[in-house]
Amino acid sequence: MERDVSDTDSAAGTTVTGTANAALPANGNDVGCGTRGVKLAAAGVSKRFGGFVALRDVSIQVRERTIHSVIGPNGAGKTTLFNCLTGVVPPTSGVVMFEGRDITRMSVHRRARCGMARSFQVTNLFQNLSVIEGLRLAAQAKTGLATFDFFRPKERLVRAMSDAESVLAQLSLERWRDIKAGELSHGQQRILEVGLALASGSSTLLLDEPTAGMGVDDIEIMKQLVVALSRDHTIVLIEHNMNVVLNISTTITVMHQGSVLVEGPPEVVRSHPDVKAAYLGREC
Amino acid sequence: MNLYLIQVFNGLGIGMIYFLIAVGLTIIFGIMNFVNFAHGAFYLLGAYACYAIADLTGNFWLALVLGPVAVGIGGWLGERYFLSRLYRVPHMYQILVTLGLALVIQEMAVLIWGPIGKPIAPPEVFRGVMIFGNFAYPKYRLFLIGFTAILALALWLLLERTRYGAVLRAGTESTEMVSLLGINIFRVYSMTFALGAFLAGLAGVLAAPIRGAEPFMGPDALVIAFVVVVVGGLGSFAGALVGGIVVGIVQSVMSSFWSEGANIMIYVAMALVILLRPHGLLGRA
Amino acid sequence: MRRRPLLLEPTFLASIVVVLILPVVLPSVAMATEALIFVIASLGCTLLLGYVGLLSFGQAIFFGVGAYACGLALIHLGASAWGGLLAAAVISLAAGLVVGGLVTQRRGIYFVMLTLACSQMFYFIAYAMEDITGGDNGLLNVPRPPLLVFETTLLTLRTPMSFYTFAAIVFLCIYLFLQRLVSSPFGSALVAVRENEDRALAMGYNTRLFKIAAFAISAVVTGIAGALYALFLNFAPLSNIEVSMGERIIIMTILGGTGSLFGSVLGGTFYVLLGNLLSAIWPRWLLVLGLILIVVASYLRGGLLSGVNWIVEKGRGWGILRSFAVRAWSATFRIRTPPRAQP
């Protein structure tokens, strides 16, 4: 069975790749219909798991320093798209481009070093390490060969240390600097989850439901954090909380059953009849 | 030509014994997510049970029935009163505790039966060779292949066609789901563990007339079972069967080319499988 | 945060103390030497298990390969003692890279199984290459040349004490090196792999590369221990490379505790002492060891290290016991300044 899939993969892959490359701007600064360059793009991305089609010919273009949200009912394919963008699963066909480079088959850690950082839907921290150490590790990942320094104390890697301290301040977690990440409240853990992505110094942050399980007050903090970050970061946001999405997004892509249903600014999406239908069911 | 055919048959017999050890390991891991380093010790106990019973009664068939049952009951008791406390601890500690248990069982075997291996005669009916034209083959090994083939079929029917098998397969996918269906998962665990111990014990009894019983056979069998599982893919019945036969045949065919290297070739085969198909021949990604 | 210079780290000072008292406290200097050799082997295991979270049953590969490499270099190339150690380090490094590259293909339980299988493979290779390794008989007549530094004999290595001094120097160098390593950026990345490999990967760490590197370093340390063992015994037995040697190394590491490098010092010493004392009175002492392993893995996860810690903490209200425990503890752990002779 596996062989069947891979055979059709390669066949479909070649055909789609041709058209997709033509459809994509040659580099990130080529202006399409918006005013800012395309940072991250998926073109004709499909993903099949056996016979199940999780993504069907999805194309999105994330523009620089915008908040691009991906929403949709459960099972719409948001997470699969996110996984294709971050490299956790390779798409069956289609192309993922980052800053004009084809990264479709690039490994997770190499994408991260190219400047794409992600956060996780289920909190995924270094539970037993201190808050600052987690951030320092994230910042250290970008230091290249210095990471392989096995002789000097880690604190001497000043770049990583100062980056970590400044992110700590940005997250307003200074008071919890030296306690274990696992001992933070859930809301603080969600903040740190975004912080670990931020500390890596990436230009693009892919945030997977940052407000998952948060209380009302904490959601407000997270919202402000994301907006603040969007000033100098490109943000891809998967989010369930419609209030947050409609409030802060520049562009919203609505997914339904593995395809893009509607894409546009919040005002357009809010009033679009198909979106209501997708969320409330076909009967409406 | 004749020689290789004989080696293939030998390999098939040995491979089926490997299969019996590995399949227990794989279903225990599949449903309980429990790493049992004492599994080789069950094989050891099977061989010694065979020796003790055959020595006492002079009847191999009694040993073939009672030996594995005794090991199975031992496994059931061990799971019930001792190992079941380990399900929630990290794998590392499961490995260490069961490794300690294997050491204890091995040393107990030395204390009881001495450090020197014990030979075990095959049953009267299957002594000597069978002649097919110009081709002679030990009767016991033929019996071994036939018997284990029937056993594999029976095991397959048990896993595929019975309610217990359905529960087991469901449990491999999601233990939580099985408990939600109102099935006492802990009884399933005990049963599974006993079944695994029974099969390893059976492998020990069946192997005894070929290689005897000796106190240090456990770790070797465990490592081979791991190789089988790695080659075949963990958690699958077919993987254990294919892996067992592949390993058995590689080992025995290679022994006629290069006797010292036969054991090395098993591991080379394993390394190749890992490099080419990291999840095993039949494993899922 | 002010850092103490690494030479004054409490556990390093404690290690110096241990090195000084071992030959006095243990029944013989030879036993102290054996203890130090296994402490070094255990340090290699602690690096993998305690810092990267990798349970390797393949440490015997490097111990055995190191012993063979050292022995062969001494016998056939007429190498010096340093040359023997160097040969062991280089060959174990190569073995570590090969084995590490293979076993890190998989994670979790598969990883453990693969290390065990690789260990068995190297055993059979050593067994089959009888012409080189001596097979079942072991590699006999490994010489023990005097230790030279710039043409001057530093240590003759003839007396037990002389060889012990050599082992102690090697041990302290390795301890210091590993102590620097675990608190370096590289060491912190290893901890990141242990704590959360997926997150480390998502942050941009090539976690497999780090695991292979850790494997290689651990292999070198273990290989040097093997080389010392060959020099110590004047012989490299096949049992060096048996799976059960790897199990022994894991067991002593767990007994000591993997929370810090110092756990290895406790574990290796304890194991060798226990092994020598028990095996003298009862050949089936592995039975006792199995029981100890079960108890430690069930109830004392931090090993002797945490046991000692616990006693010291609980000891605070217990009068005489308290003062004894605290004093003993401070004697080994809380020394702030290096011991100095009075003018």
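Since the structure is predicted, the reported quantities are computational estimates derived from the model, not experimental observations.

1. A few points about the confidence of the model for chain B
Residues and elements named next belong to chain B.
So, step 1. With 99% of its residues at a pLDDT of at least 70, chain B reaches an overall mean of 88.
So, step 2. Per-element mean pLDDT across chain B ranges from 76 in helix H7 (residues 175–180) up to 93 in helix H2 (residues 39–57).
So, step 3. Overall fold confidence for the complex sits at a pTM of 0.86, while the interface term, ipTM, reaches 0.87.

2. Structural notes on the sheet that holds strand S2 (residues 52–63) of chain A
Residues and elements named next belong to chain A.
So, step 1. If you trace the four strands from one edge of the open sheet to the other, you get S2-S1-S4-S5, paired in antiparallel fashion. With one partner strand each, in any of the chains shown, S2 and strand S5 (101–102) form the two edges of the open sheet.
So, step 2. Strand direction decides the pairing type here: strand S1 (residues 38–49) and strand S4 (residues 93–98), joined by five bridges, are antiparallel. Note on S4: the bridge partner recorded for Ala 43 is Val 95.
So, step 3. Sheet strands in contact with helix H2 (residues 78–86) are S1, S2 and S4, and its direction is about 60° off that of S2.

3. Points about a negative patch on the surface
So, step 1. A cluster of acidic residues, B:Glu260, C:Glu130, C:Asp131 and C:Asp136, forms a negative patch at the surface.
So, step 2. Considering the arrangement of structural elements, one finds C:Asp131 in helix H6 (residues 130–133).
So, step 3. The class of C:Asp131 is exposed, set by a relative accessible area of 81%.

4. As for the layout of surface pockets
So, step 1. The calculated volume of the largest pocket comes to roughly 1,200 Å³.
So, step 2. For the largest pocket, the lining is made up of 50 residues, of which B:Phe216, B:Gly218, B:Pro219, B:Asp220 and C:Gln120 are closest to its centre.
So, step 3. For the lining of the largest pocket, the class distribution of residues is 33 nonpolar, nine polar and eight charged.

5. With respect to the pairing of S4(A)
Residues and elements named next belong to chain A.
So, step 1. The element S4 is largely enclosed, with a buried count of six among its six residues.
So, step 2. Pairing geometry for S4 and S5, over two bridges, is antiparallel. Within the sheet, the bridge partner assigned to Met 97 lies in S5 and is Asp 102.
So, step 3. Hairpin geometry of S4 and S5 is characterised by an intervening segment of two residues between the two adjacent antiparallel strands and by a positive phi of about 50° at Glu 99.

6. Considerations on the nonpolar core
So, step 1. Residues A:Leu135, A:Leu192, B:Phe37, C:Phe166 and C:Phe171 are the most contacted members of the largest nonpolar core, which totals 262 residues.
So, step 2. Among the elements that take part in this core, helix H2 (residues 29–52) of chain C stands out by supplying 16 residues, more than any other.
So, step 3. Formed by 23 residues, the second largest nonpolar core is a distinct cluster that contains A:Ile60, A:Ala76, A:Leu206 and A:Val236.

7. Observations regarding the pattern of salt bridges
So, step 1. Considering all chains together, one arrives at 18 salt bridges over all chains under this definition.
So, step 2. Residue B:Arg127 is joined to B:Glu124 by a salt bridge in which the shortest nitrogen-to-oxygen separation is 3.3 Å.
So, step 3. Of the residues examined, B:Arg127 reaches a relative accessible area of 39% and is grouped as partly exposed.
So, step 4. Using a relative accessible area of 63% as the deciding quantity, one classes B:Glu124 as exposed.
So, step 5. In this structure, C:Lys211 engages C:Glu197 in a salt bridge whose closest nitrogen and oxygen atoms are separated by 3.0 Å.

8. Overview of the interface of chain A and chain C
So, step 1. Residue-level contacts link 33 residues of chain A with 26 residues of chain C.
So, step 2. Taken together, the connections running from chain A to chain C amount to one salt bridge.
So, step 3. For A:Glu193, the salt bridge identified is with C:Arg199, shortest N-O distance 2.2 Å.
So, step 4. For the side of chain A that touches chain C, the secondary-structure elements that each account for two or more residues are helix H3 (108–114), helix H4 (131–140) and helix H6 (186–199) of chain A.
So, step 5. Of the residues assigned to the side of chain A that touches chain C, the class counts are 17 nonpolar, seven polar and nine charged.

Reading guide: rules and limits
- Residues numbered from 1 in each chain as written.
- Chains lettered and ligands numbered in written order.
- Predicted model: local features only at pLDDT ≥ 70, side-chain atom pairs only at ≥ 80, totals over all residues.
- Heavy atoms only, no water.
- pLDDT = per-residue confidence, 0-100.
- Helix = DSSP H or I, 4+ residues; strand = E, 2+ residues; numbered from the N terminus.
- Pairing = 2+ DSSP bridges.
- Contact = heavy atoms within 4.5 Å.
- Axes fitted to C-alpha atoms, helices over the stretch in contact; angles between N-to-C directions.
- Patch = residues over 30% accessible without salt bridge, like charges linked within 9 Å, V, L, I, M, F, W, Y side chains within 5 Å.
- Areas by Shrake-Rupley, 256 points an atom, 1.4 Å probe, with all protein chains shown as cover.
- Salt bridge = Lys/Arg side-chain N within 4 Å of Asp/Glu carboxyl O.
- Lys, Arg positive; Asp, Glu negative; His and termini not counted.
- Charge placed at Lys NZ, Arg CZ, Asp CG, Glu CD.
- Buried < 20%, exposed > 50% of the residue type's maximum accessible area, 1.4 Å probe, protein only.
- 1 Å grid on protein atoms, 1.4 Å probe; cavity = no way out; pocket = protein on both sides within 12 Å on 5 of 7 lines; lining within 4 Å.
- Points joined across faces, edges and corners; volume = space filled by probe spheres on them.
- Nonpolar A, V, L, I, M, F, W, Y, C, P; charged D, E, K, R; others polar.
- Core = buried A, V, L, I, M, F, W, Y, C linked by side-chain atoms within 4.5 Å.

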